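Topology and contacts: notes
These are the residues of each chain, in order.
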Amino acid sequence: MHVTGTKGESGLEKLMVYSIAISIIGSLVVTPILIPFLKYLKFGQSIREEGPAWHRRKSGTPTMGGISFILVSVAVAVLVPFIFYKRVSVEMIALVGSSFLFGVIGFVDDFIKVVMKRNLGLSSKAKFLMQIFVSVLSTVVLVHTGIIDGMIIIPFLKHPVDIGLFIIPLNILVQLAVSNSANLTDGLDGLAASVTLVISLSLMAFAYFMGNFAVCIFMAAISGALVGFLFFNWNPAKVFMGDTGSLFLGGSVAVCAAMLKLPIVLIIIAGVYLIETLSVIIQVTSFKLTGKRVFKMSPLHHHFEMCKISEKKIVMMFTAATIVLCIIGYFSIINFC
């Protein structure tokens, strides 16, 4: 279901409001029900020894809380269009399915950590191979169904560019990079949820102006669900989203960007994600080559923690930076909105 034409005629504004409102309420209802259930199952977070020492007080906080906003956002994204249009579009199925599969990878990783008591979860190789599989599957489905083609929007250019079959490796690379980066960003109470909330709202706005129904509704559903989740994930967090939530969020953002022809623009609006990843790469490379560390600790949010900046201030800094980057992203594609 790809809506074009005037916004009033499409009724997209109404569905956006419904999706956000229902998702907020749903998340506020589901999350406090999930938290004691996770405690009962003893799905508590294990804190890695190499992390900041003061994080150890968070040990035992329920994790895998991302299940709540996954269930809520997926349900709303599927049911709202079905209720109003009596069908669910191929675009929505592809989008929800791809994002859900990234969440499944995170769930497996979390399950190994909290149930099998293997603190590192999936091996890095196994996790990466699973992400490659989902990224390839997602991209092939999007191309095969005609949801995406070789056209992409380059920041500040007035016309889209056709890169042909290079769209396949590009989108695979973006999905891998963004899902991993979102995963790394989930290191402080409310950080990944706050940053992703701004990104999802921006993608929702871009999709609205471009007339892309599926992305608009799905991002609205995720935005609302994250607002509700943040009531319980804000410092001091009562629940963590875990890899279940962070991989789902990263995957959904990347796939939505692909459907909007914005994988390159995503580098701008999801800049905080990527800076977090770059900080790890720089730290590891520097230490291996020179034996010296560039940052006091990586990812970058831990460096600021080691500089005695509070978690709440770091989250606000990173969220503010994301707002600025999303505004820049908007002006870089204003001709298409």
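Criteria and thresholds
Residues numbered from 1 in each chain as written. Predicted model: local features only at pLDDT ≥ 70, side-chain atom pairs only at ≥ 80, totals over all residues. Heavy atoms only, no water. Helix = DSSP H or I, 4+ residues; strand = E, 2+ residues; numbered from the N terminus. Buried < 20%, exposed > 50% of the residue type's maximum accessible area, 1.4 Å probe, protein only. Contact = heavy atoms within 4.5 Å. Axes fitted to C-alpha atoms, helices over the stretch in contact; angles between N-to-C directions. Parallel < 35°, antiparallel > 145°, perpendicular 65-115°, else oblique. Left-handed = near helix turned anticlockwise from the far one by under 90°. Nonpolar A, V, L, I, M, F, W, Y, C, P; charged D, E, K, R; others polar. Salt bridge = Lys/Arg side-chain N within 4 Å of Asp/Glu carboxyl O. Phe/Tyr/Trp six-rings, centres within 6.5 Å; stacked < 30°, edge-to-face > 60°. Lys NZ or Arg CZ within 6 Å of the ring centre and 35° of its normal.

1. Re the environment of N180
Within the secondary structure, N180 sits in helix α6 (residues 167-185). Taking relative accessible area as the criterion, N180 reaches 25% and is therefore assigned partly exposed. Separated by 71 residues in the primary sequence, N180 and G251 place their C-alpha atoms 8.8 Å from one another. Look past the residues within four positions of N180 in its chain and what remains in contact with it is F128 and Q131.

2. Quick look at the packing of helix α7 (residues 191-210) against helix α13 (residues 311-332)
Direction vectors running N to C along α7 and α13 enclose 15 degrees, while the axes themselves pass 9 Å from each other. For the element pair α7 / α13, the angle class is roughly parallel. Note that α7 runs across α13; the crossing there is right-handed. Contacts between α7 and α13 involve L191, S194, V195, V198, I199, S202 and F206 from the first element and V315, F318, T319, T322, I323, C326, G329 and Y330 from the second. Here the contact of α7 with α13 is built from residues that sort into 10 nonpolar, five polar and no charged.

3. Thoughts on the pattern of salt bridges
Here the structure, examined in full by the defined rule, presents five salt bridges. K113 is paired through a salt bridge with D243; the nearest N and O atoms lie 3.2 Å apart. Taken together, the residues span a long stretch of sequence, with K113 in helix α4 (residues 90-114) and D243 in helix α9 (residues 242-259) at a distance of 130 residues. With a relative accessible area of 8%, D243 lands in the buried category. Salt bridges sharing partners connect three or more residues here, namely D109, K113, K127 and D243.

4. A few points about the packing of aromatic side chains
For any pair of aromatic rings, the description consists of the separation of the ring centres together with the inter-plane angle of the planes. Within the structure shown, the criterion is met by 10 aromatic pairs. Aromatic side chains F69 and F248 sit 6.3 Å apart centroid to centroid with 45 degrees between the ring planes, which places their arrangement in the tilted category. Here F69 is found in helix α3 (residues 66-85), whereas its partner F248 is found in helix α9, with 179 residues between them in sequence. A single burial state applies to F69 and to F248, both of which are buried. Judged by centre distance (5.9 Å) and plane angle (85 degrees), the rings of F304 and F318 are edge-to-face. Taken together, the positions of F304 in helix α12 (residues 300-306) and F318 in helix α13 put the pair 14 residues apart, joining distant regions of the chain. Of the residues examined, F304 reaches a relative accessible area of 21% and is grouped as partly exposed. Residue classification places F318 among the buried positions, given a relative accessible area of 6%. Three or more aromatic residues joined by ring pairs make a cluster, and in this case those are F69, F218, F229 and F248. When the ring centre of F287 is taken as origin, the NZ or CZ atom of R293, which lies over that ring, is 4.3 Å away.

5. Description of unusual backbone geometry
Here N235 and P236 are connected by a cis peptide whose omega angle stands at -5 degrees. Looking at the element boundaries, P236 is found in the loop between α8 (213-233) and α9. Note that the residue after S298, namely P299, is joined by a cis bond; omega there is 0 degrees. Within the fold, P299 resides in the loop between α11 (271-290) and α12. At K86, a residue that is not glycine, the phi angle is positive and equals roughly 65 degrees. If you trace the backbone, K86 turns up in the loop between α3 and α4. One non-glycine residue with positive phi stands out, namely K261, at about 65 degrees.

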